[in-house]
Amino acid sequence: SLAAEGRTLRFLANVDPVDFHLCTRDLDPAETLVVIISKTFETVETMLNARAARKWLIDGLRGSNESDNKNDNNEDKNDDAPDDESIEKDIIMRHVVAVSASPPNCEDFGIHPDNVFGFWDWVGG
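Rules used in this analysis
For every chain, the first residue of the written sequence is number 1, and numbering continues from 1 onward in sequence order. Given that this is a predicted model, residues contribute local features only at a pLDDT of at least 70 and side-chain atom pairs are listed and counted only at 80 or more, while totals for whole chains, interfaces and linings are drawn from all residues. Side-chain measures were taken over the full set of non-hydrogen atoms in the model, leaving aside hydrogen atoms and water. Basic side-chain nitrogens of Lys or Arg form a salt bridge, by our definition, when they fall within 4 Å of a carboxyl oxygen of Asp or Glu. Strands here mean DSSP runs of E at least two residues long; helices mean DSSP runs of H or I at least four residues long; both are numbered from the N terminus. Buried residues are those whose accessible area, probed at 1.4 Å on protein chains only, stays under 20% of the maximum for their type, while exposed residues exceed 50% and partly exposed ones sit between those limits. Residue count minus one, scaled by 1.5 Å, sets the expected span of a helix. Relevant arc is that of directions from the helix axis to the C-beta atoms, nothing else. Here the rule is simple: two strands pair whenever DSSP picks up at least two bridges between them. To obtain an axis, a line is fitted to C-alpha atoms, over the contacting stretch when the element is a helix, and the angle between two such axes runs from 0 to 180 degrees between their N-to-C directions. By the convention used here, residues are in contact when the closest approach between their heavy atoms is within 4.5 Å. By nonpolar core we mean a set of buried residues, namely Ala, Val, Leu, Ile, Met, Phe, Trp, Tyr and Cys, connected to one another through side-chain atoms within 4.5 Å.

Asker: Honestly, the pattern of salt bridges in this entry has me stumped. Any pointers?
Answerer: Side chains carrying opposite charge are able to pair once their charged atoms draw close together. Going through the model one piece at a time under the given rule, you end up with four salt bridges. The salt bridge involving Asp26 is made with Arg10; its shortest N-O contact spans 3.1 Å. Linking Asp26 in the loop between helix 1 (17–24) and strand 1 (34–37) with Arg10 in the segment before helix 1, this pair joins segments that are 16 residues apart in sequence. Taking relative accessible area as the criterion, Arg10 reaches 33% and is therefore assigned partly exposed. One salt bridge in this structure joins Asp90 and Arg94, with 2.9 Å as the shortest N-O distance. You can see Asp90 and its partner Arg94 sitting in helix 3 (residues 84–95), four residues apart, about one turn around the helix. Classification of Asp90 as partly exposed rests on a relative accessible area of 31%.

Asker: Hey, could you run me through helix 3 in this one?
Answerer: Owing to its 3.6 residues per turn, the α-helix aligns residues three or four sequence positions apart on the same side. Compared with an ideal rise of 1.5 Å per residue, which puts 12 residues at 16 Å, helix 3 spans 16 Å between its outermost C-alpha atoms and is within 8% of the ideal. Considered for burial, the residues of helix 3 that qualify are Ile87, Ile91, Ile92 and His95. The buried residues of helix 3 all sit within an arc of 130° when viewed along its axis, so they share a single face. The exposed residues of helix 3 that point more than 90 degrees off its buried face are Glu85 and Lys89.

Asker: What is the right way to look at the sheet that holds strand 1 in this model?
Answerer: Neighbouring strands of a sheet are bound in pairs by backbone hydrogen bonds; such pairs are parallel or else antiparallel. Read from one edge of the open sheet, three strands run 1-2-3, paired in parallel fashion. Strands with a single pairing partner mark the edges of an open sheet, and in this sheet they are strand 1 and strand 3 (116–118). Strand-to-strand twist in this sheet, taken as the mean axis angle between neighbours without regard to direction, amounts to 15°. Examined bridge by bridge, strand 2 (residues 96–100) and strand 3 share three bridges and lie parallel to one another.

Asker: Just checking my understanding: could you explain the environment of Glu88 for this structure?
Answerer: Tracing the backbone shows Glu88 in helix 3. For Glu88 and Ile58, which are 30 residues apart along the polypeptide, the C-alpha to C-alpha distance reads 6.1 Å. In contact with Glu88, not counting residues within four places along its chain, are Ile58 and Arg62.

Asker: Help me understand unusual backbone geometry, please; the structure alone is not making it clear to me.
Answerer: Trans peptide bonds make up the majority, and among non-glycine residues the majority have a negative phi. In this structure, Phe41 takes a positive phi of about 60° despite not being glycine. Here Phe41 is to be found in the loop between strand 1 and helix 2 (44–68).

Asker: Is there a simple way to explain the nonpolar core in this structure?
Answerer: Soluble globular proteins tend to pack their nonpolar side chains together in the buried interior. Counting 20 residues, the largest nonpolar core has Ile36, Phe41, Leu57, Val96, Phe109 and Ile111 as the members making the most contacts within it. Of all the secondary structure elements, the ones that give two or more residues to this core are strand 1, helix 2, helix 3, strand 2 and helix 4 (103–109). Here the element with the most residues in this core is helix 2; it accounts for seven residues. In this structure Ile111 touches Ile36, Phe41, Ile92, Val96, Val97, Ala98, Cys106 and Val116, once residues within four positions along its chain are discounted.

Structure, rendered in C-alpha coordinates:
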(Lines give C-alpha, C1' and ligand atoms only; values in the text may rest on other atoms or scores of the structure.)
Protein backbone atom coordinates (compact mmCIF):
# COMPACT_ATOMS: atom_id res chain seq x y z
CA SER A 1 0.00 0.00 0.00
CA LEU A 2 1.03 3.61 -0.40
CA ALA A 3 1.23 4.10 3.39
CA ALA A 4 4.01 1.49 3.61
CA GLU A 5 5.99 2.89 0.70
CA GLY A 6 9.60 3.65 1.58
CA ARG A 7 9.51 1.74 4.86
CA THR A 8 11.76 -1.18 5.70
CA LEU A 9 10.61 -3.88 8.09
CA ARG A 10 13.13 -6.11 9.85
CA PHE A 11 12.60 -8.97 12.30
CA LEU A 12 15.20 -9.98 14.84
CA ALA A 13 14.57 -13.31 16.54
CA ASN A 14 18.15 -14.52 16.85
CA VAL A 15 20.40 -13.55 19.77
CA ASP A 16 23.51 -13.66 17.59
CA PRO A 17 25.21 -10.23 17.72
CA VAL A 18 26.29 -10.67 14.09
CA ASP A 19 22.63 -11.06 13.12
CA PHE A 20 21.79 -7.88 15.05
CA HIS A 21 24.56 -6.03 13.20
CA LEU A 22 23.34 -7.32 9.84
CA CYS A 23 19.78 -6.19 10.65
CA THR A 24 20.81 -2.68 11.70
CA ARG A 25 23.95 -1.84 9.75
CA ASP A 26 22.15 0.20 7.08
CA LEU A 27 19.46 1.69 9.33
CA ASP A 28 19.42 5.24 10.68
CA PRO A 29 18.52 5.22 14.40
CA ALA A 30 16.84 8.61 13.96
CA GLU A 31 14.37 7.03 11.54
CA THR A 32 13.93 3.69 13.32
CA LEU A 33 11.03 2.47 15.45
CA VAL A 34 11.75 -0.65 17.49
CA VAL A 35 8.74 -2.80 18.35
CA ILE A 36 9.44 -5.26 21.17
CA ILE A 37 6.88 -8.05 21.38
CA SER A 38 6.92 -10.16 24.51
CA LYS A 39 4.06 -11.54 26.57
CA THR A 40 5.93 -11.33 29.88
CA PHE A 41 8.76 -8.98 28.95
CA GLU A 42 11.03 -11.41 30.79
CA THR A 43 12.06 -13.97 28.15
CA VAL A 44 15.86 -14.07 28.19
CA GLU A 45 16.39 -14.05 24.41
CA THR A 46 13.83 -11.33 23.80
CA MET A 47 15.25 -9.11 26.52
CA LEU A 48 18.80 -9.62 25.25
CA ASN A 49 17.70 -8.36 21.82
CA ALA A 50 15.66 -5.56 23.43
CA ARG A 51 18.70 -4.36 25.40
CA ALA A 52 20.86 -4.55 22.27
CA ALA A 53 18.31 -2.48 20.32
CA ARG A 54 18.01 0.06 23.14
CA LYS A 55 21.81 0.41 23.31
CA TRP A 56 22.04 0.75 19.51
CA LEU A 57 19.45 3.54 19.54
CA ILE A 58 21.04 5.38 22.47
CA ASP A 59 24.57 5.07 21.09
CA GLY A 60 23.41 6.19 17.66
CA LEU A 61 21.34 9.14 18.87
CA ARG A 62 22.96 10.33 22.10
CA GLY A 63 25.98 11.78 20.32
CA SER A 64 23.86 14.01 18.14
CA ASN A 65 22.02 15.33 21.21
CA GLU A 66 25.20 15.90 23.19
CA SER A 67 26.93 17.73 20.36
CA ASP A 68 23.95 20.08 20.14
CA ASN A 69 24.65 21.16 23.72
CA LYS A 70 28.37 21.99 23.26
CA ASN A 71 30.03 25.14 21.96
CA ASP A 72 33.15 25.29 19.76
CA ASN A 73 35.40 24.72 22.80
CA ASN A 74 33.48 21.54 23.72
CA GLU A 75 32.01 23.29 26.75
CA ASP A 76 28.36 23.12 27.76
CA LYS A 77 26.35 25.87 26.07
CA ASN A 78 24.13 26.16 29.12
CA ASP A 79 23.58 24.58 32.48
CA ASP A 80 20.04 23.62 31.49
CA ALA A 81 21.27 20.99 29.02
CA PRO A 82 19.53 17.65 29.55
CA ASP A 83 21.42 15.00 31.48
CA ASP A 84 22.21 11.55 30.05
CA GLU A 85 19.25 9.92 31.77
CA SER A 86 16.72 12.35 30.33
CA ILE A 87 18.31 12.09 26.87
CA GLU A 88 18.07 8.28 27.00
CA LYS A 89 14.48 8.46 28.27
CA ASP A 90 13.57 10.76 25.38
CA ILE A 91 15.23 8.45 22.83
CA ILE A 92 13.32 5.44 24.14
CA MET A 93 10.07 7.43 24.24
CA ARG A 94 10.42 8.36 20.57
CA HIS A 95 11.82 5.13 19.16
CA VAL A 96 10.58 2.12 21.17
CA VAL A 97 7.12 0.62 21.61
CA ALA A 98 6.07 -2.67 23.17
CA VAL A 99 3.37 -5.26 22.71
CA SER A 100 2.98 -7.14 25.97
CA ALA A 101 0.66 -8.58 28.61
CA SER A 102 2.97 -7.07 31.24
CA PRO A 103 2.94 -3.26 31.00
CA PRO A 104 4.76 -2.86 34.36
CA ASN A 105 7.74 -4.83 33.02
CA CYS A 106 7.73 -2.66 29.88
CA GLU A 107 7.80 0.45 32.03
CA ASP A 108 10.65 -1.00 34.13
CA PHE A 109 12.56 -1.43 30.86
CA GLY A 110 12.07 2.26 30.16
CA ILE A 111 9.13 2.22 27.77
CA HIS A 112 6.52 4.88 28.46
CA PRO A 113 3.08 3.42 29.30
CA ASP A 114 1.57 5.32 26.35
CA ASN A 115 3.86 3.29 24.07
CA VAL A 116 2.70 -0.12 25.32
CA PHE A 117 0.07 -2.05 23.37
CA GLY A 118 -1.28 -4.45 25.95
CA PHE A 119 -3.10 -7.71 25.62
CA TRP A 120 -4.58 -10.19 28.10
CA ASP A 121 -2.26 -12.53 29.94
CA TRP A 122 -4.40 -15.55 29.02
CA VAL A 123 -3.40 -15.20 25.38
CA GLY A 124 -1.05 -18.06 24.44
CA GLY A 125 2.65 -17.29 24.24
